[in-house]
Amino acid sequence: MTTLEMIEEKKRGAVLPAAAIRAWVHQVARGEVPDYQASAFLMAVYFQGMNGDETAAYTRAIADSGQMLDLSPLGSRTVDKHSTGGVGDKTSLVLAPAVAACGVPVPMLSGRGLGHTGGTLDKLEAIPGFRAELPIHEFLRIVQQVGCAIVGQTPNLAPADRILYSLRDVTGTVDSIPLIVGSIVGKKLAAGPDAFVYDVKVGAGAFMRTLEDARLLGHALVRATRANGKSASALLTAMDAPLGQAIGNALEVVEAIESLRGGGPADLRELVVELGGEMLRLSGTESDAATARARIGRVLDSGRAAEVFAQMVAAQGGDPHVVDDVALLPTAPVTQEVRAQEAGGVSWIDARALGDAAVALGAGRARVGDVLNHSVGIQLLVKPGDRVERGEPLAVVHAASGEALRQATEAISTAVAVGDPAAARPLIVERISP
Ligand code: URA
């Protein structure tokens, strides 16, 4: 089929043959489809959708539009996790070493942050010397030696996604379930693991704001992954308030290290234990979910996960001593507490507003290519439901200048509401598992 025929058919709601979708995606990757026609096709999909078979074919075509990594040298079943992005989400920093410490290799390809959600690579680059951009052979060697590595996507993996995503970004077609699934799962399939756990965030600070949308995305991610011969499950997890208490790169590394040593905030640990348990189950090393979760808890409490993290950091050029001495991480020149204006219960912490405040401080990017300040951010001192007295500190701002401090203080004062606490939803909202 020509691109014009594809547009005409999809515009009328037809189901497209898998072979036509595949040929079209590969033409896009080769630069043979003009942007205006590719954009028109994306818009037709946005309005008419794709069924399960079309989505699976589109996903597969994105995956094999470039290099497909061969992870067989790693010798055992490998598992990765993908999060749809949240505020204060430093889970990968704890999860990859914890799962690796249980004997399951975790080759993790990760991204950088844009907008109010942070990126795993940005957080790791707060560690002096850490290298996130490594050639594939070095990435695989580190996974073999240490059990895990976390690196950036290489340009030859899923090249069709880069082209299609940049068009979606400027044509209002990002929020289409089949296009999101093709983009996320296509990249994951190209990276080669055998199984994937998806953490689909839901709530005010998430890409999917309603449970209904998060559920649709979770089911579609799992279906497209399984249709392409890999194991998958998804957890729908709450992202109304930030995860943990730190927002900002070096601050989040400190919190991740606390969690790797068996401490840290309860919600971060719960998420690591749940996702890690699911990864062990999908890898085939544990069949019982409760036993798998207990095993993740043990490697956190014994310090074994922290040891693997230090080894991974060293192998990727970073200073492993940060694990024992977080003072080696960059610190901001000015800090200030934000205090409660009245007494009461913390009723709401607006993850989205705090994510935006962290970007304004320099912890995240408003535009692709913005340079980050790894030392700045926000440290929350309260969680929803906590009781506070008037004048009690709610948060500490870590800033590069007095003016940035003033703006963030104002934003945090409105983002943390004190009044009558509403019932928060549980962290694990729903599970989609085989
Ligand atoms: N993340 C991706 O990688 N792709 C999308 O389409 C949306 C979120």
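Residues numbered from 1 in each chain as written. Predicted model: local features only at pLDDT ≥ 70, side-chain atom pairs only at ≥ 80, totals over all residues. Heavy atoms only, no water.

1. Some details on the domain arrangement of the protein chain
As a measure of interface size, the accessible area lost when the parts come together is often cited.
And then number 1: When its domains are assigned, the protein chain resolves into domain 1 (3-49), domain 2 (72-156 + 169-325) and domain 3 (330-419).
And then number 2: Listed per partner, the contact involves 25 residues of domain 2 and 30 residues of domain 3.
And then number 3: Interface of domain 2 and domain 3: buried area, both sides summed, is about 2,000 Å²; carbon and sulfur atoms make up 59% of it.
And then number 4: If you sort the residues of domain 2 by the area they bury against domain 3, H116, Q245 and I247 come out on top, with a joint share of 28%.
And then number 5: In this assembly, domain 2 and domain 3 are joined by 2 salt bridges.
And then number 6: In this structure, K383 and D267 form a salt bridge, with 2.8 Å as the shortest nitrogen-oxygen distance.
And then number 7: Across the domain 2-domain 3 interface, the total number found is 11 residue pairs in polar contact (both at pLDDT 80 or more).
And then number 8: Ranked by residues supplied to the side of domain 2 that touches domain 3, first place goes to helix α11 (residues 249-260) with 3 residues.
And then number 9: Tallied by class, residues from the side of domain 2 that touches domain 3 come to 11 nonpolar, 8 polar and 6 charged. (Domains from an automatic or database assignment. Contact = heavy atoms within 4.5 Å. Buried area = accessible area lost by both parts, 1.4 Å probe. Salt bridge = Lys/Arg side-chain N within 4 Å of Asp/Glu carboxyl O. Polar contact = N/O pair within 3.5 Å; in protein donor to acceptor, adjacent residues only side chain to side chain. Helix = DSSP H or I, 4+ residues; strand = E, 2+ residues; numbered from the N terminus. Nonpolar A, V, L, I, M, F, W, Y, C, P; charged D, E, K, R; others polar.)

2. Some remarks on the pairing of strand β8 (residues 344-349)
And then number 1: Burial runs high along β8: 5 of the 6 residues are buried.
And then number 2: As paired strands, β8 and strand β10 (residues 387-388) are joined by 2 bridges and run antiparallel to one another. Among the inter-strand pairings, G345 is bridged to a residue of β10, identified as R387.
And then number 3: Looking at chain direction, β8 and strand β12 (residues 416-419) are connected through 4 bridges and run antiparallel. Bridge pairing links I349 to V416 in β12. (Buried < 20%, exposed > 50% of the residue type's maximum accessible area, 1.4 Å probe, protein only. Pairing = 2+ DSSP bridges.)

3. What to know about empty space enclosed by the protein
And then number 1: Following the criterion strictly, the structure yields 3 cavities of 30 Å³ or more and no others.
And then number 2: Quantified by volume, the largest cavity comes out at close to 100 Å³.
And then number 3: Surrounding the largest cavity, 16 residues form its lining, H116, T117, G118, I247 and A363 being those nearest its centre.
And then number 4: Mapped by element, the contributors of at least two residues to the lining of the largest cavity are α11 and α15 (351-361).
And then number 5: Counting residues per element, the lining of the largest cavity draws most heavily on α15, which supplies 3 residues.
And then number 6: Looking at the lining of the largest cavity residue by residue, the class counts come to 5 nonpolar, 9 polar and 2 charged.
And then number 7: Structurally, the lining of the largest cavity is a two-domain feature, drawing no fewer than three residues from each of domain 2 (72-156 + 169-325) and domain 3 (330-419).
And then number 8: Considered as a void within the structure, the second largest cavity measures approximately 40 Å³ in volume. (1 Å grid on protein atoms, 1.4 Å probe; cavity = no way out; pocket = protein on both sides within 12 Å on 5 of 7 lines; lining within 4 Å. Points joined across faces, edges and corners; volume = space filled by probe spheres on them.)

4. Focus: the layout of surface pockets
And then number 1: There is about 1,700 Å³ of room inside the largest pocket.
And then number 2: Around the largest pocket sit 46 residues that line it, and G111, R112, L114, Y165 and K187 are the ones nearest its centre.
And then number 3: Elements supplying a minimum of two residues to the lining of the largest pocket: β1 (79-83), β2 (106-110), α6 (120-124), α8 (159-171) and α9 (177-191).
And then number 4: Grouping the constituent residues of the lining of the largest pocket by class yields 14 nonpolar, 19 polar and 13 charged.
And then number 5: Both of domain 2 (72-156 + 169-325) and domain 3 (330-419) provide at least three residues apiece to the lining of the largest pocket.

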